[in-house]
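# Chains, contacts and geometry: an overview
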Amino acid sequence: MTLSITVNGKRHQVDASPETPLLYVLRDDLGLNGAKYGCGLGQCGACTVQLDGKAIFSCITPVSAVGDRPVRTVEGLGTVDRMSPLQQAFRDEQAAQCGYCIAGMIMRAQALLDADPRPDEAKIRAHMQTNLCRCGTHMRILRAIRRVAGLPSDGAAA
Amino acid sequence: MVTLRRTARSKWWWVTALLLLGLAGALIALALSWRPAIAPIAPPSPGSFAPAQVVRGAMLVKLGDCAVCHTRDGGRPLAGGRPLATPFGTLYSDNLTPDPETGIGTWSAAAFRRAMKAGVSRSGAHLYPALPYEHFTHVRDADLDAIYAFLMTRRPVREAAPANRLIFPLGFRPLLAGWKLLFLHPGETPVDPSRSAEWNRGAYLVEGLGHCGGCHTPRNLAGGEIRSQAYAGGIAEGWRAPALNAANPAARKWTKEALVTYLRTGISPDHSAAAGPMGPVVDSLSQVPEAEVRAIAAYIVSKMGGSPSAPVAPLPDHADAAARRFPEGAVLFGGACAGCHGPGAPMMGQGRPLLSLATVLRDSDPTSAAQAVLQGIAPPVAGRGPKMPGFADALTDQQIAAVLGYLRARYTDRPDWKKLPATVAKARKEGAQP
């Protein structure tokens, strides 16, 4: 069936069965390959995108559940030449090792920063808890988020 | 004229007399509610307690789940400050570490016993029944002394709890004396000589320190447990605590063995996973000697009654009929749930229970089913065990209601839940941190 969804401010008509995970539509139909397929079970966070400003697992969100709510992916934040402050911070801290989790990490962290531009260390850690990095760069990821949140780089404020 | 004046005068006399009587009554009530302070002591040195008593106290503190309420998010264990949402406002738990200023450092053992059994602070102030003293009143003094020994040997933490935020006039603590008159029934848990020692140990733990009825028994408008409906199911932090009596909705009768497994691991193959406020209970019970959990299970299973050897009904799975009646729920289930809960899903290969076994889907009250979908399930025991992501940000109330309607129709033979969207909206509101 034909469904209409808004991604990064642009309206799209997609032909998909209604239970198709949003992730598949983003990657296969719209060519937005930032969000990744990790576990497919909402346990790793590699597929994280924003729905109506909240971080969600797109691998377990059926496309028909999106409705009129806006979707935002990492492609909607910035480009290689014009990075968003958070993307720039991830680059400056060299937060990516293999990079597979990073789009999800950025979109989850951005959802927090949009709701609370000055979160404390405990709030950042609790919020990021659902997203995993198998390379173990969590400490660099946290440093990048602290950079944008205006916290000391070592998280000493906690 | 004369008669009129006399009538007026006698009316005034009556009013004055009534006022005086009311005032006297209030004074007597206030006097009756008064409790003396117990003299402060110099904080006892940790070495003054027998190590065996401290170890025993540690175990009893786990059985009583003390740290669950008396630790705030990110705070030091037992240092209090956790907000507790009640229908009467928000209370903050007290600091149970032996800090003399902000904790219980100057409390004698007698003061601690009085707080636990009569709900009175060392200062003489009445404590709110969020401290479940209607259960703790049944705990034996030797056990209370062991708990005291454990608490007084912790490292003191200087941290004062924030002030309570209660609706008027409940900030006035002498009123609690009246509450206790109605709902506090002191005395030991009776021993039933016709039952085993294990069952009686379970009764002592469940009715006393374990305070299971605090969540699993419904409360009246004054917040007191309705004793005539003990274990008929209640409310806990926005979740439904299922009935633990004959009305328990489990698809397969609980056996003692199944309940021991559930209480120690958070899941039983014939039942669903522990979720919401039951998670921390399981975490505590995973750390006490198994014999204590066996005793609890023996007692609770006897409350549920029935024979586990009775013929078992086949588990319902009306996939087609449910999809016809709840097409939107069926689609959402396919995209959001089936990856774990559908036939052949990797999780099902690990022996996780079918949704037909999920107690929350069979309960007459959909609240906990709604909460499980909204908030998900956190692994209860030190990060191990069942885990489910929450869908609060992915699905709307109306969509979750559609899924719940579908699940109920597909996996149970029970009547449809009514007013599902409103229940989901309420669950979402109450599930948010106070």
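What you see is a predicted model; the values in this text were computed from it and never measured.

To continue, consider helix α6 (residues 141–152) of chain B. All names here are of chain B. Its 12 residues place the ends of α6 16 Å apart at the C-alpha level, agreeing with the 16 Å of an ideal helix rising 1.5 Å per residue. Along α6, nine of the 12 residues are buried, which leaves the element largely enclosed by surrounding structure. Three or more residues of α6 are buried, namely Asp143, Leu144, Ala146, Ile147, Tyr148, Ala149, Phe150, Leu151 and Met152.

Okay, the UniProt feature "binding site: heme c 3" (unreviewed entry) in chain B next. With numbering matched to this structure, UniProt assigns "binding site: heme c 3" (unreviewed entry) to Cys337, Cys340 and His341 of chain B. Locating Cys340 of chain B in the fold gives a position in helix α15 (residues 338–341). With 19 C-beta atoms counted inside 10 Å, the residue Cys340 of chain B sits in the partly exposed group. Setting aside chain neighbours within four positions, we find Cys340 of chain B in contact with Leu41 of chain A together with Ala345 and Met347 of chain B. Positionally, His341 of chain B belongs in helix α15. On the basis of neighbour counts, which here come to 19 C-beta atoms within 10 Å, the residue His341 of chain B falls in the partly exposed class.

The subject of this paragraph is the domain arrangement of chain B. Residue and element names in this part refer to chain B. Looking at the assigned domains, one finds that chain B contains domain 1 (46–183), domain 2 (197–304) and domain 3 (319–431). Placing the centre of domain 2 and that of domain 3 at their C-alpha centroids yields a distance of 22 Å. Contacts between the two partners involve 23 residues from domain 2 and, on the opposite side, 23 residues from domain 3. At three residues, the largest contribution of residues to the side of domain 2 that touches domain 3 is made by helix α11 (residues 278–285).

Helical geometry note: an α-helix holds 3.6 residues per turn, so side chains three or four residues apart project in the same direction. All names here are of chain B. Burial within helix α14 (residues 327–336) is extensive, with eight of its 10 residues counted as buried. Every buried residue of α14 is listed here: Gly329, Ala330, Val331, Leu332, Phe333, Gly334, Gly335 and Ala336. Contacts from the buried residues of α14 go to α13 (319–325), α15 and α19 (397–411).

Residues and elements named next belong to chain B. With respect to the helices, strands and loops of the structure, Ala378 is situated in the loop between α18 (367–375) and α19. Exposure remark for Ala378: the 19 C-beta atoms within 10 Å place this residue in the partly exposed category. Excluding residues within four positions of it along the chain, Ala378 makes contact with Gly279 and Lys387.

All right, on to the pairing of strand β1 (residues 2–7) of chain A then. Residues and elements named next belong to chain A. One ladder, built from six bridges, connects β1 with strand β2 (residues 10–15); its direction is antiparallel. The residue of β2 that forms the bridge with Leu3 is Val14. Joining the antiparallel neighbours β1 and β2 is a turn of two residues, in which Asn8 adopts a positive phi near 50°.

What follows concerns the sheet that holds strand β2 (residues 89–92) of chain B. Residue and element names in this part refer to chain B. Here three strands make up an open sheet; going across it, the order is β1-β2-β3 and the pairing antiparallel. Of all the strands in the sheet, just β1 (83–86) and β3 (165–166) have a single pairing partner and so form its edges. Examined bridge by bridge, β2 and β3 share two bridges and lie antiparallel to one another. By the bridge assignment, Gly89 is partnered in β3 with Leu166.

With 19 residues of chain A in contact, the opposing surface of chain B contributes 14 residues. The element contributing the most residues to the side of chain A that touches chain B is strand β4 (residues 54–57) of chain A, with four residues. Residue classes in the side of chain A that touches chain B are distributed as 11 nonpolar, six polar and two charged.

Residue and element names in this part refer to chain B. Following the UniProt record, one finds the feature "binding site: heme c 2" (unreviewed entry) at Cys212, Cys215 and His216. With respect to the helices and strands, the residue Cys212 is situated in the loop between α8 (197–207) and α9 (213–216). The residues contacting Cys212, other than those within four sequence positions of it, are Val206 and Leu244. Its place among the elements puts His216 in helix α9. In this structure His216 comes out as buried when scored by C-beta crowding, with 26 C-beta atoms within 10 Å. Here His216 is in contact with Tyr231, Gly233, Gly234, Ala241 and Leu244, once residues within four sequence places are set aside.

Conventions we followed
- Residue numbers restart at each chain and count upward from 1, following the sequence in its written direction.
- Lettering for chains starts from A, numbering for ligands starts from 1, and both go in the order in which the items are written.
- Two thresholds apply to this predicted model, a pLDDT of at least 70 for residue-level local features and 80 or more for giving and counting side-chain atom pairs, whereas whole-chain, interface and lining totals are computed over all residues.
- Note on conventions: DSSP H or I runs of at least 4 residues are helices, E runs of at least 2 residues are strands, and numbering of each starts at the N terminus.
- In this scheme, a helix's expected span is set at 1.5 Å multiplied by one less than its residue total.
- Counting other C-beta atoms within 10 Å of each residue's C-beta, where C-beta atoms are placed from the backbone, gives the exposure class: buried for 20 or more, exposed for 12 or fewer, partly exposed between.
- UniProt positions are given in the numbering used here, feature names are shortened, and annotations may be inferred rather than shown by experiment.
- Contact between two residues is assigned when their C-beta atoms, built from the backbone, lie within 7 Å.
- For the domain bounds, the source is a domain assignment made automatically or taken from a database.
- Two strands form a pair only when DSSP identifies at least two bridges running between them.
- Note that Gly is not counted as nonpolar here; it falls among the polar residues with everything else outside the nonpolar set of Ala, Val, Leu, Ile, Met, Phe, Trp, Tyr, Cys and Pro and the charged set of Asp, Glu, Lys and Arg.

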